[in-house]
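Understanding the architecture of this molecule
If you want the building blocks of each chain, they are given just below.
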Amino acid sequence: MQEQPFYRDTWAEIDLDAIEYNVKSMIRHLGPDGRVIAVVKANAYGHGDAEVAETALQAGAEMLAVAFVDEAVALRQKGVEAPILVLGASRPEDVQFCIDSKLTLTAVSLEWLMEAEKHVRNGTMDVHIKVDTGMGRLGLTEKEELDEAVELARKSEVLQFRGIYTHFAAADEPESDYTDRQFERFRQMLAGIDCSGLMVHCANSAAGLRFKDKIFNTVRLGISMYGLSPSSELKKSLPYELKEAMSLHTKIVHVKKLAKGESVSYGAVYTADEEEWVGTLPVGYADGWIRRLKDSEVIAEGKRVPIIGRICMDQCMIRLPERMETGTKVTLIGSQSEESITMDEVAERLDTINYEVPCILSSRVPRMFLRNKSIMDVRNPIIQSVFHSESR
Ligand SMILES: *Cc1c(COP(=O)(O)O)cnc(C)c1O
């Protein structure tokens, strides 16, 4: 194992083999015509944008997607050269910059497309047209407008029409027929449009997992690339196993015996009922291990142990079943021997969805990347050479 290039014993491990497996599994599940756009917005849902992107591309994804131009720029600066679709609404004034950065933009309305066209000075802009079929967020809603946008995108000398897509609002809810209605609406919107040569996509992870015959030709794979189920309902009927890519660890940095009646942490809200051993962990709410996780559990020496007292900005305390050494590894998310704490468990404790948990893990937590179970340092500027020599 490589020496860890940081000086604090809290880190997230990203298992790139799991990312690779999850992407390949989706491609296999979709069959020969299925294509995958790897969604790496929000620093790849907190997992590390460039490392996940390169892994997904090697596993067979054809394109990357991010929410904002800045995220695409961050990938370009790290040497990622693959096509990148910006899913959000970009500024028409930034179009020339986006062309120079080789980005594919989303036309969120007919007006946007007309305005964006005016800002092209050099070269051509790759565009996917977004249709709103019921998400109510971005996209064209009227058939006539869509036809007009398609005609403009086809006729214009400065636009390259590459794709057309929509987004589902409830594909993770098997009980609901909302997705069927959105799908039908998308089909009506596409009527009469020649889609040959275009990427036509509607499916997020949930729809890709559930309806492989209804994806047109491309899935925008987000949450399930990271090994997480889009919802707990879907978890019961997954077409293939998902492998969770992220785990979160720390080490005990201080151990002490608490006498009966003594307290720990702010507010002194936790008081020992009897003599007990307490360990201090160098992780707190500024890392994304937020105060709401008070009273939850972590794993030390293969056993679940409780967090006690309030979580501080940089630290928190745990009650130990017996004395443990400083330097003992503690797992906050992930497995140790027989015990494991999943992202879903943490999400449930926080009363939120699993998507949010890795996203709120702050940049103060170093990400370590695993290949074949061992840690690799793929941080810039060597990311490309490491990747390319390892797997080709
Ligand atoms: C984030 C996002 C996705 C990915 O969704 P998952 O549920 O994470 O698979 C797909 N499409 C759009 C437009 C998105 O914003």
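So, how was this worked out
Residues numbered from 1 in each chain as written. Predicted model: local features only at pLDDT ≥ 70, side-chain atom pairs only at ≥ 80, totals over all residues. Heavy atoms only, no water. Near = heavy atom within 4 Å. Polar contact = N/O pair within 3.5 Å; in protein donor to acceptor, adjacent residues only side chain to side chain. Nonpolar A, V, L, I, M, F, W, Y, C, P; charged D, E, K, R; others polar. Domains from an automatic or database assignment. Pairing = 2+ DSSP bridges. Helix = DSSP H or I, 4+ residues; strand = E, 2+ residues; numbered from the N terminus. Axes fitted to C-alpha atoms, helices over the stretch in contact; angles between N-to-C directions. Contact = heavy atoms within 4.5 Å. UniProt positions renumbered as here; feature names shortened; annotations may be inferred. Buried < 20%, exposed > 50% of the residue type's maximum accessible area, 1.4 Å probe, protein only. Phe/Tyr/Trp six-rings, centres within 6.5 Å; stacked < 30°, edge-to-face > 60°. Lys NZ or Arg CZ within 6 Å of the ring centre and 35° of its normal. pLDDT = per-residue confidence, 0-100. Expected span 1.5 Å × (residues − 1). Arc of directions from axis to C-beta. Salt bridge = Lys/Arg side-chain N within 4 Å of Asp/Glu carboxyl O.

Examining the site of the ligand
Around the ligand, the surrounding shell consists of Val39, Lys41, Tyr45, Leu87, Arg137, His167, Asn204, Ser205, Arg220, Gly222, Ile223 and Tyr355. For the ligand, an oxygen atom lies 2.5 Å from a polar atom in the side chain of Tyr45. Note that an oxygen atom of the ligand is positioned 3.4 Å from one of the side-chain N or O atoms of Arg137. Residue classes in the shell around the ligand are distributed as five nonpolar, four polar and three charged.

Details of the domain arrangement of the protein
Its domain assignment divides the protein into domain 1 (16-223) and domain 2 (246-354). Distance between the C-alpha centres of domain 1 and domain 2: 40 Å.

Thoughts on the sheet that holds strand E4 (residues 84-86)
Pairing is parallel in the closed barrel, where eight strands are placed in the order E2-E3-E4-E5-E6-E7-E8-E9. When the angles between neighbouring strand axes are averaged without regard to direction, this sheet yields 30 degrees. The strands touched by helix H7 (residues 143-155) within the sheet are strand E6 (125-130) and strand E7 (159-165), with E7 carrying the most contacts at an inclination of about 145 degrees.

Quick notes on the UniProt feature "binding site: substrate" (unreviewed entry) in the protein
Following the UniProt record, one finds the feature "binding site: substrate" (unreviewed entry) at Arg137 and Met313. Spanning 177 residues, the annotated positions stay apart in the fold, the maximum distance between their C-alpha atoms being 35.1 Å. Along the polypeptide, Arg137 turns up in the loop between E6 and H7. Residue placement: Met313 occurs in the loop between strand E16 (303-308) and strand E17 (316-320). Exposure remark for Met313: the relative accessible area of 41% places this residue in the partly exposed category. Apart from the residues lying within four places of it in its own chain, the contact partners of Met313 are Gly284, Tyr285, Ala286, Asp287 and Arg364.

Quick word on the packing of aromatic side chains
Applying the stated criterion across every chain, the model contains four aromatic pairs. In this structure an aromatic cluster arises from ring pairing among Tyr45, Tyr226 and Tyr355. The ring of Phe183 carries the charged tip of Lys214 above its face, separated from the ring centre by 5.2 Å. Note that Lys243 overlies the ring of Tyr21, its terminal NZ or CZ placed 4.1 Å from the centroid.

Quick word on the UniProt feature "domain: Alanine racemase C-terminal" (unreviewed entry) in the protein
Following the UniProt record, one finds the feature "domain: Alanine racemase C-terminal" (unreviewed entry) at residues 245-370. In the segment residues 245-370, helix accounts for 9% and strand for 40%; the C-alpha atoms at its two ends are 9 Å apart.

Things to note about the confidence of the model for the protein
The predicted model of the protein averages 94 in pLDDT, with 95% of residues at 70 or higher. Segment residues 380-392 is flagged for pLDDT under 50; beyond a separation of four residues in sequence, or across chains, it makes 25 contacts in the model.

Here we look at H7
The terminal C-alpha atoms of H7, which comprises 13 residues, lie 18 Å apart, in line with the 18 Å expected from a rise of 1.5 Å per residue. What H7 keeps buried is the set Lys143, Leu146, Ala149, Val150 and Ala153. The arc enclosing the buried residues of H7, seen along the axis, measures out at 120 degrees, which places them on a common side. Of the residues in H7, the exposed ones pointing more than 90 degrees away from the buried face are Glu144 and Lys155. Residues of H7 that are buried make contact with helix H6 (110-118), E6, E7 and helix H8 (178-190).

Considerations on the pattern of salt bridges
A side chain of one charge can pair with a side chain of the opposite charge if their charged atoms are brought near each other. For the structure shown, the criterion picks out 25 salt bridges. Ionic pairing is found between Asp314 and Arg364, a salt bridge with its closest N-O pair at 2.9 Å. Of this pair, Asp314 sits in the loop between E16 and E17 while Arg364 sits in the loop between helix H12 (356-359) and strand E20 (367-371); the two residues are 50 residues apart in sequence, bridging distant segments of the chain. When salt bridges that share partners are traced, they join Glu297, Arg304, Glu339, Glu345 and Arg349 into one network.

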